[in-house]
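Residue-level listing of the chains:
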Amino acid sequence: MRYNTIIVGAGPAGLAAGIYAARGALKVLIIEKGGIGGQIATSWEIENYPGSPPDSTGPGLTERMRQQCEEFGVEFATRTYNRFQQTETGFIVETDSGNLETQTIIMATGAEPKLIGCKGERELRGMGVSYCATCDANFFKGLKVAVIGGGDTALEEALYLTKFASEIIIIHRRDELRGAKILQQRIQENDKISMMLSCVVEEIKGNGLVEGIMVKNVVTNEVIEVPIDGVFVFVGQKPNSEAFVGQLERDARDYLITDDEMRTNIPGIFAAGDIRRKSLRQVVTATADGAIAAVNVIKYIEELK
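- Where an unreviewed UniProt entry is consulted, the chain appears under the name Thioredoxin reductase, with the organism given as Acetobacterium malicum.
- Looking at the chain in UniProt, the text filed under Sequence similarities (unreviewed entry) is "Belongs to the class-II pyridine nucleotide-disulfide oxidoreductase family."

**Brief notes about the environment of Ala21**
In step 1: Mapped onto the fold, Ala21 is located in helix H1 (residues 12-23).
In step 2: Once residues lying within four places of it in the same chain are set aside, the contact partners of Ala21 are Thr5, Leu26, Val28, Ala294 and Ile298.

**Quick look at the pairing of strand E14 (residues 223-227)**
In step 1: Relative to E14, strand E13 (residues 210-217) is paired through five bridges, and the arrangement is antiparallel. Note that in E14 the partner of Val215 across the bridge is Ile224.
In step 2: Adjacent in sequence and paired antiparallel, E13 and E14 are bridged by five residues, among which Asn221 carries a positive phi angle near 65°.

**Focus: the nonpolar core**
In step 1: In this structure, Ile7, Leu26, Val28, Ile30 and Ile106 are the most contacted members of the largest nonpolar core, which totals 29 residues.
In step 2: Listing elements by their share of this core, those giving two or more residues are H1, strand E2 (28-32), helix H2 (58-71) and helix H6 (283-304).
In step 3: The element that contributes the greatest number of residues to this core is H6, accounting for seven residues.
In step 4: The residues contacting Val28, other than those within four sequence positions of it, are Tyr3, Thr5, Ile7, Gly18, Ala21, Ala22, Gly73, Val74 and Glu75.
In step 5: Counting 21 residues, the second-largest nonpolar core is a separate cluster that includes Val147, Ala154, Leu159 and Leu183.

**Some points on the packing of aromatic side chains**
In step 1: Here the structure, examined in full by the defined rule, presents five aromatic pairs.
In step 2: Ring plane angle 70° and centroid distance 5.2 Å describe the contact between Phe140 and Phe232, whose orientation is recorded as edge-to-face. With Phe140 in the loop between helix H3 (133-136) and strand E9 (144-148) and Phe232 in strand E15 (residues 230-233), this residue pair connects regions lying 92 residues apart in the sequence. When sorted by exposure, Phe140 lands in the same class as Phe232, which is buried.
In step 3: Ring geometry for Tyr160 versus Phe164: centroids 5.3 Å apart, planes at 65°, classification edge-to-face.
In step 4: On the basis of relative accessibility, which here comes to 11%, the residue Tyr160 falls in the buried class.

**With respect to the packing of H1 against H2**
In step 1: Following both chains from N to C, one finds H1 and H2 inclined at 25°, their axes separated by 9 Å at the closest point. One finds that H1 runs roughly parallel with respect to H2. In this structure, the crossing between H1 and H2 has a hand that is left-handed. Residue-level contacts link Pro12, Leu15, Gly18 and Ile19 of H1 to Thr62, Met65, Arg66, Gln68 and Cys69 of H2.
In step 2: Class assignment for the residues of the contact of H1 with H2 results in five nonpolar, three polar and one charged.

**Considering the pattern of salt bridges**
In step 1: In total, this model carries twelve salt bridges according to the counting rule given.
In step 2: Linking Arg250 and Asp254 is a salt bridge whose minimum nitrogen-to-oxygen distance equals 3.5 Å.
In step 3: Taking relative accessible area as the criterion, Arg250 reaches 27% and is therefore assigned partly exposed.
In step 4: Judged by relative accessible area, which is 33%, Asp254 ranks as partly exposed.
In step 5: Look at the salt bridges and you will find they share partners, linking Glu63, Arg66 and Glu70 into a network.

**Concerning unusual backbone geometry**
A negative phi angle characterises most non-glycine residues, just as the trans form characterises most peptide bonds.
In step 1: Within the chain, Ser198 stands out as a residue other than glycine whose phi angle is a positive 55°.
In step 2: By secondary structure assignment, the location of Ser198 is in the loop between strand E11 (193-197) and strand E12 (199-206).

**Details of the sheet that holds E13**
In step 1: Ordered in space as E12-E13-E14, the three strands form an open sheet in which the pairing is antiparallel. Strand pairing shows two members of the sheet lacking a second neighbour, E12 and E14, which therefore form its edges. Averaged over all pairs of adjacent strands, the angle between strand axes in this sheet comes to 25°, irrespective of strand direction.
In step 2: Here E12 pairs with E13 via seven bridges, running antiparallel.

Basis of the calculations
Residues numbered from 1 in each chain as written. Predicted model: local features only at pLDDT ≥ 70, side-chain atom pairs only at ≥ 80, totals over all residues. Heavy atoms only, no water. UniProt positions renumbered as here; feature names shortened; annotations may be inferred. Helix = DSSP H or I, 4+ residues; strand = E, 2+ residues; numbered from the N terminus. Contact = heavy atoms within 4.5 Å. Pairing = 2+ DSSP bridges. Core = buried A, V, L, I, M, F, W, Y, C linked by side-chain atoms within 4.5 Å. Buried < 20%, exposed > 50% of the residue type's maximum accessible area, 1.4 Å probe, protein only. Phe/Tyr/Trp six-rings, centres within 6.5 Å; stacked < 30°, edge-to-face > 60°. Axes fitted to C-alpha atoms, helices over the stretch in contact; angles between N-to-C directions. Parallel < 35°, antiparallel > 145°, perpendicular 65-115°, else oblique. Left-handed = near helix turned anticlockwise from the far one by under 90°. Nonpolar A, V, L, I, M, F, W, Y, C, P; charged D, E, K, R; others polar. Salt bridge = Lys/Arg side-chain N within 4 Å of Asp/Glu carboxyl O.

In structure tokens:
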């Protein structure tokens, strides 16, 4: 079966692209190796997506996007993308479950959390080390946890954890937080939250479960051990672009390079959302990218005719 466009990734960018492409009368397939919704599906509260109800959640928002896709005829398939091949009439998309034929591709593979890189992190992942407060906060009721990072995500997740944990310590390598001022204010006003600034975690300790962390002050070089029951890591993202090496142009940080119309260096292949080089990575910019990519896919196909 030949598609007009195959969208790789089912986060907000891919889902928005699916809606717009299908409404443009294209035959659309979205392939996703994991769950629907991307990173936003793990967010407990959506405050800044225009028009969203007060009780909006990441899973709820992206589930509605998925429903809209299906209402317009978008097909979904659980597959892992491997690479693409160019043909005279479009592309072959290679996946773990066979090849697919399409006229165009929209890459919306997103990004994933970065690791601290310290000793014990990988060994204790899932045993007290987490990258998703929404997923795991319930396991830390009445316990003491650390949140690593100082940006919006770290502060939002720290505030969420106050609903469960008895004490939260925010550890940040800089001497001040980077998150939005309104979030910083909420942090300062919450009695459950304390901060260790100009500090980094050098080791996560534990025997089967997290028991403590070794924290180094980057100014004094003093290292102390802090008893802790859980570690939540929010220190940035890395793009899921390894599969595009040697095919699509990437920048120094491995994000895909596109123009304002979401076009990559190969005609017929577009990129949208967190996977592309951009100044702001939010749901609203991801959905905008997806819409722009889909509209330009429609134009590209019309030009081919």
